[in-house]
Structures are given as structure tokens and as C-alpha cells.
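Commentary on secondary and tertiary structure
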Amino acid sequence: MPLAGHWFAENGLWTTFATILAVLRIDHAKDSNGDRIDVKPEYTTGLAIHPEPFHCSFEVVNTTREAHIRAMMNSK
Ligand SMILES: *[C@@H]1O[C@H](CO)[C@@H](O)[C@H](O)[C@H]1NC(C)=O
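Below: a short report on this structure. These numbers come from a predicted model, not from an experiment.

What counts and how
- Residues numbered from 1 in each chain as written.
- Predicted model: local features only at pLDDT ≥ 70, side-chain atom pairs only at ≥ 80, totals over all residues.
- Helix = DSSP H or I, 4+ residues; strand = E, 2+ residues; numbered from the N terminus.
- Contact = placed C-beta atoms within 7 Å.
- Buried ≥ 20, exposed ≤ 12 C-beta atoms within 10 Å, placed from the backbone.
- Pairing = 2+ DSSP bridges.

A few points about the overall build of the chain
- Looking only at helices and strands, one finds two helices and two strands in the chain.
- Its helices and strands taken in sequence order, the chain reads α-β-β-α from the N to the C terminus.
- Within the chain, counting contacts between residues at least 6 apart in sequence, those at least 24 apart form 58% of the total.

Thoughts on the pairing of strand β2 (residues 56–60)
- Little of β2 is tucked away: zero of the five residues are buried.
- Across five bridges, strand β1 (residues 24–28) lies against β2 in antiparallel orientation. Across the sheet, the residue bridging to Asp-27 is Ser-57, located in β2.

Right under this line is the structure:
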């Protein structure tokens, strides 16, 4: 049933984002002086428009949750 598959896909995506936000702080990348690198929003052109790659940083905010997620990923 395509609808159920669609729901599971979206639910999986939601879970993934919720998990990422519970464990990681996503912030500006820093240059070699420690100054933050501003993001210039740039997009591709064409039929499917998506953002160009940009620099950012990921910082673990909760090592307990990180350990849980790593254990979960290794058990699959
Ligand atoms: C980290 O996550 C654990 C498990 O969810 C939670 O019990 C704990 O309070 C969290 N620590 C911080 C600093 O948020």
C-alpha cells in the first residue's frame, strides 16, 4: 500500500531529525581565527531547486544520548 510506505518514510525522516536535534547542536562553522563563517544562501537553478553546500558545525550536546544512538545503530 503506497500510503503506508509514504507514512513510514515520513515518520522515519521525522524520527531522524528529532534524534539529530536531541543530540547535536548545529551551528555556524568557524574559520582558523575562531570567527564564525556566515552562510550565504545559494541555490541551484533548474527544475529541482536545492541549496548549494555550505559549512556548518555539529557539536554533541548530550553524550549519554549519543552513546544510546551509537549503540542503536550498531545493533542494526
Ligand atoms: C542527556 O540525556 C539523558 C537521556 O535522555 C538525560 O537523562 C539527561 O538529562 C541529558 N543531559 C542533559 C545535560 O541534557
